[in-house]
Amino acid sequence: MDFDLNEEQKTWKKIVHDFVEKELRPKAREVDETEEFNWEAVRKAGPVGLLGLNIPEEYGGSNVDAISNAIAMEELGWGCGSTALAFTAHNSLGCAPVSQFGSEELKKKWLPVVVSGKNKLGSLALTEPGTGSDLQGGVTTRAVKDGDEWVINGAKMWNTNAGIAEYIVTLVRTDPQGGSKSLSMILVPTDSKGLTIHPAEKKMGLRGSPTHAVTYEDVRVPLGNLIGPEGRGLHQTLAILDSGRLSIGAIAIGLARGAMELAIQYAKERKAFGQSISEFQAIQFKIANMEMEIDLARTYIYKAAWLKDQKRPYSREAAIAKLYATEMAERVCYDAIQIHGGYGYSREYHVERMYRDARLMTIGEGTSEIQRLVIARQVLAG
Ligand SMILES: Cc1cc2nc3c(=O)[nH]c(=O)nc-3n(C[C@H](O)[C@H](O)[C@H](O)COP(=O)(O)OP(=O)(O)OC[C@H]3O[C@@H](n4cnc5c(N)ncnc54)[C@H](O)[C@@H]3O)c2cc1C
């Protein structure tokens, strides 16, 4: 049964589903095998509104509500994990800081460029070679004012979309004394002198989503490229990650749903001991667990998204939603392979790719351990 979506959300779901079924799903294996990003999907996704999900219409965005954002991400994850990750890194990480905290000048200059689908995308660099979970204590990339420019030096790691981006929103330390007000976000155009985007990492899954190390050597950008006030970078990062976690959770649900559909289809066709394997209770119980867990995860993501739409606090709910949905997706994809038997282990079948793609979801935008930390802190604080 479907969650009680309103008419607009139901229509949106159908539009995105049809788009993904036509443009992403048939190419999912190819982008994984070739590690080639699906540019055609970007070109076609712009007019559908999938590249400006959190951006007001005046800058060319579709500015959908948080539940509609989750709907879009689930459909994208159902179709192709790689392209889904690139789209969420663009929307939730690359565009959201500019749209939510950037100056009018930055919004006007950059947002229409990246939402159209005609150009490259946006990206966000928080993680560094030496730190991911501990951004407050660990970020060493430094920005110093020099006249009317920022001069940036340092290195970032695991930057989704860097090689296919117009700009990288970069988390930098602007106050060497440290502390919660020592970080800031700065928009760095990818054609900046001194910026090196290294070749894409060789990854276990999501191989059609390019991830890069990036180095900054005396990169100069105008002072106006600072996003929001100086020293707000940590606060901005936490807000962006709360929202991004809903997207990652929704992609995980899409991956799980895709794997479950294939497992059911296979279970009905495959015969053993004179009957279809779907008639064995052991297989039925796996399918029942998949149905239950996917439904629970989706309902909780929608709850957290609803809170966001009501402008109420939702950090705890975002952490629970992301944690449950991503660990659930791993269980579902694991069982989908199990139901396929030996064929599940073959690259000829899609479920092994979904399993590899799902694995990242418990790591990116805050590991499962960090989600448990966020939840426990709130519970223990009473
Ligand atoms: C494919 C991919 C795409 C990514 N895309 C981006 C991107 O676009 N932008 C970006 O900025 N980053 C990106 N990342 C980075 C990702 O967000 C980090 O890998 C993640 O936050 C974990 O950081 P880390 O790898 O430094 O691990 P660490 O922080 O070093 O953690 C290592 C282990 O220690 C655990 N740990 C750490 N601290 C604690 C604690 N306090 N309590 C308990 N356990 C703890 C962690 O949970 C983990 O198990 C991406 C990563 C991957 C693999």
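Values in this document were obtained by computation on a predicted structure and should not be read as measured data.

Cut-offs applied
Residues numbered from 1 in each chain as written. Predicted model: local features only at pLDDT ≥ 70, side-chain atom pairs only at ≥ 80, totals over all residues. Helix = DSSP H or I, 4+ residues; strand = E, 2+ residues; numbered from the N terminus. Rg over C-alpha atoms; globule rule 2.2 N^0.38 Å. Buried ≥ 20, exposed ≤ 12 C-beta atoms within 10 Å, placed from the backbone. Axes fitted to C-alpha atoms, helices over the stretch in contact; angles between N-to-C directions. Parallel < 35°, antiparallel > 145°, perpendicular 65-115°, else oblique. Left-handed = near helix turned anticlockwise from the far one by under 90°. Contact = placed C-beta atoms within 7 Å. Nonpolar A, V, L, I, M, F, W, Y, C, P; charged D, E, K, R; others polar. Domains from an automatic or database assignment. Near = placed C-beta within 6 Å. Expected span 1.5 Å × (residues − 1). Core = buried A, V, L, I, M, F, W, Y, C linked by C-beta atoms within 7 Å. Pairing = 2+ DSSP bridges.

## Thoughts on the overall build of the protein chain
- Each helix and strand in the protein chain was counted, giving 12 helices and 10 strands.
- A compact globule built from 382 residues would reach a C-alpha radius of gyration of about 21 Å, and the protein chain, at 21 Å, matches this within 12%.
- Taking the principal axes of its C-alpha atoms as reference, the protein chain extends roughly 80 × 50 × 40 Å.
- Considering the protein chain as a whole, with its 382 residues, one finds that 51% of them fall into the buried category.

## Digging into the packing of helix 8 (residues 233-269) against helix 9 (residues 281-309)
- Between helix 8 and helix 9, whose axes approach to 10 Å, the crossing angle comes to 155°. On the basis of their axis angle, the class for helix 8 and helix 9 is roughly antiparallel. Note that helix 8 runs across helix 9; the crossing there is left-handed. The residues of helix 9 that touch helix 8, namely those facing Ser243, Leu246, Gly249, Ala250, Ile253, Ala256, Arg257, Met260, Ala263, Ile264 and Ala267, are Ile283, Ile287, Met290, Ile294, Ala297, Arg298, Ile301, Ala304, Ala305 and Lys308.
- Each residue belonging to the contact of helix 8 with helix 9 can be placed in one class, and the counts come to 16 nonpolar, two polar and three charged.

## A short note on the domain arrangement of the protein chain
- With domains assigned, the protein chain is organised as domain 1 (7-120), domain 2 (123-230) and domain 3 (234-380).
- Centre-to-centre separation of domain 2 and domain 3, based on C-alpha positions: 30 Å.
- Contact residues are listed per partner, giving 13 residues for domain 2 and 10 residues for domain 3.
- Mapped by element, the contributors of at least two residues to the side of domain 2 that touches domain 3 are helix 7 (135-138) and strand 5 (183-189).
- Among the residues making up the side of domain 2 that touches domain 3, the classes are represented as eight nonpolar, five polar and no charged.

## Digging into the site of the ligand
- Close to the ligand lie 25 residues; Leu126, Gly132, Ser133, Thr367 and Glu369 are nearest.
- Listing elements by their share of the shell around the ligand, those giving two or more residues are helix 5 (81-101), strand 1 (121-125), strand 3 (149-160) and helix 12 (368-380).
- Of the residues that constitute the shell around the ligand, the class distribution is 11 nonpolar, 11 polar and three charged.
- Residue contributions to the shell around the ligand reach at least three from each of two domains, namely domain 2 (123-230) and domain 3 (234-380).

## A few points about helix 12
- Look at helix 12: 18 Å from first C-alpha to last across 13 residues, which is about the 18 Å you get at 1.5 Å a residue.
- At the exit of helix 12 stands glycine 382, carrying a positive phi of roughly 80°.

## With respect to the nonpolar core
- Judged by nonpolar contacts, the single largest core of 117 residues is most densely connected at Ile186, Ala256, Ile301, Ala329 and Cys333.
- In terms of residues, this core owes the most to one element, helix 8, which gives 15 residues.
- Setting aside anything within four residues of it in sequence, one finds alanine 256 in contact with Ile294, Met328, Ala329, Val332 and Cys333.

## Points about the pairing of strand 4 (residues 165-173)
- Burial of strand 4 is extensive: eight of the nine residues sit out of reach of the surface.
- Across five bridges, strand 1 lies against strand 4 in parallel orientation. Paired with alanine 125 across the strands is threonine 170, a residue of strand 4.
- Sheet topology note: the strand 4/strand 5 ladder contains seven bridges and is antiparallel. Looking at strand 5, one finds that valine 169 is bridged to leucine 187.

## A word on unusual backbone geometry
- Although it is not a glycine, asparagine 161 sits at a positive phi angle of roughly 80°.
- Relative to the elements of secondary structure, asparagine 161 occurs in the loop between strand 3 and strand 4.

## Some thoughts on helix 11 (residues 351-361)
- For helix 11, the buried fraction is high: nine of the 11 residues fall into the buried class.
- All of the buried residues in helix 11 are Val351, Glu352, Arg353, Met354, Tyr355, Asp357, Ala358, Leu360 and Met361.
- In the core, the buried residues of helix 11 are packed alongside helix 2 (28-34), helix 5, helix 8 and helix 10 (315-340).

## Some remarks on the environment of serine 180
- Structurally, serine 180 is set in the loop between strand 4 and strand 5.
- The exposed category is assigned to serine 180, around which 11 C-beta atoms lie within 10 Å.
- Note: C-alpha distance between serine 180 and glutamine 136 (44 residues apart in sequence) is 6.5 Å.
- Residue contacts for serine 180: discarding those within four places in its chain leaves Gln136 and Leu234.

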